[in-house]
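Summary of the model geometry
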Amino acid sequence: MGTVIMHNVVSVDGFIADNNDGVGPLHDWYFSGDTQLTETGAGDGDYDHSEGAGGFKLSRVSAEYVQPVWESLGVIVMGRHQFDLVNGWEGQPPAGEHVVVVSHRPKPEGWHPEASYHFVDGVKAAIAKAQELAGDRVVAVSAGEVGGQIFAAGLVDEVAMDVVPVVFGSGKRFFGSFDGQQMLEDPAVVIQGNRVLHLKFKVRR
């Protein structure tokens, strides 16, 4: 089975968004470089994940890290709140061929029936479905409330953070409401980009 990696862009004080789901400057580094990032997800490529910013343009150092990560993904696991915020990227994820949505509610009726989006009730069932779909490829878990639940269940193999030098003070936490203690290994990746620090840790078993 593929590796399960929990990931998000995060402030220095551990927030992935403010209390109103705004990301402020967290994603600025995606658009401040000169190296184009190629999206690798399912779909015809018409959906603009950069929200009109003309595509993702990273620094060379960040692009050399992010591009192979995106190419390794088979499935993205996200919560229903994030799905609703972005309307599931209109059925076209930025990376990977499949998306698993953790939700007590089914897929909206008539919503992009051609898209490989699977709505699953419960985090353990969601990861099982994601690994089935991904095969040997990576399962990417979006950090936040659902990501924290998956982490708490012991289903995450690695934690990846793109740390941006900003302090939010309050907002949506990277690990959601997880309040336990879990040791991580020393960072396997430490890459300094332009206004972002890329970190990756294996979860200590």
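The preceding data block contains the structure.
Residues numbered from 1 in each chain as written. Predicted model: local features only at pLDDT ≥ 70, side-chain atom pairs only at ≥ 80, totals over all residues. Heavy atoms only, no water.

**Some remarks on the overall build of the chain**
Within the chain one finds 4 helices and 12 strands. The C-alpha radius of gyration computed for the chain amounts to 16 Å, which stays within 12% of the reference 17 Å derived for 205 residues, consistent with globular compactness. Taking the principal axes of the C-alpha coordinates as reference, the chain spans close to 40 × 40 × 35 Å. Counting every position in the chain, which comprises 205 residues, the buried fraction comes to 45%. Of the contacts formed within the chain by residues at least 6 apart in sequence, a portion of 69% connects residues at least 24 apart. (Helix = DSSP H or I, 4+ residues; strand = E, 2+ residues; numbered from the N terminus. Rg over C-alpha atoms; globule rule 2.2 N^0.38 Å. Buried < 20%, exposed > 50% of the residue type's maximum accessible area, 1.4 Å probe, protein only. Contact = heavy atoms within 4.5 Å.)

**Notes on the nonpolar core**
Counting 31 residues, the largest nonpolar core has Trp29, Leu58 and Tyr117 as the members making the most contacts within it. If you list the elements that add at least two residues to this core, you get β1 (4-11), α1 (60-72), β5 (73-79), β6 (98-102), β7 (117-120), β8 (138-142) and β9 (158-164). At 4 residues, α1 tops the list of elements feeding residues into this core. By size, the runner-up hydrophobic cluster in this structure holds 29 residues, among which are Met6, Met161, Phe174 and Leu199. (Core = buried A, V, L, I, M, F, W, Y, C linked by side-chain atoms within 4.5 Å.)

**Topic: the sheet that holds β9**
With mixed pairing, 8 strands are arranged side by side in an open sheet as β7-β6-β5-β8-β1-β9-β12-β11. A single partner strand is all that each edge strand has here, and the edge strands are β7 and β11 (189-192). Ignoring which end each strand starts from, the neighbouring axes of this sheet average 20 degrees apart. Of the pairings in the sheet, the one linking β1 to β8 comprises 4 bridges and is parallel in character. Residue His7 lies in a different strand from β8, and its bridge partner there is Ser142. Running over the sheet, helix α3 (residues 123-134) touches β1, β5, β6, β7 and β8 and is turned about 175 degrees from β6. (Pairing = 2+ DSSP bridges. Axes fitted to C-alpha atoms, helices over the stretch in contact; angles between N-to-C directions.)

**Overview of the layout of surface pockets**
Empty pockets left among the atoms are what a rolling probe the size of a water molecule brings to light. Considering only enclosed or pocket space, the largest pocket measures out at about 1400 Å³ in volume. Considering the residues around the largest pocket, the lining is formed by 47 residues, among which Asn8, His27, Gln82, Trp89 and Ser142 are closest to the centre. Among the elements that make up the lining of the largest pocket, the one with the highest residue count is helix α2 (residues 80-86) (5 residues). When the residues that make up the lining of the largest pocket are grouped by side-chain class, the tally is 27 nonpolar, 11 polar and 9 charged. (1 Å grid on protein atoms, 1.4 Å probe; cavity = no way out; pocket = protein on both sides within 12 Å on 5 of 7 lines; lining within 4 Å. Points joined across faces, edges and corners; volume = space filled by probe spheres on them. Nonpolar A, V, L, I, M, F, W, Y, C, P; charged D, E, K, R; others polar.)

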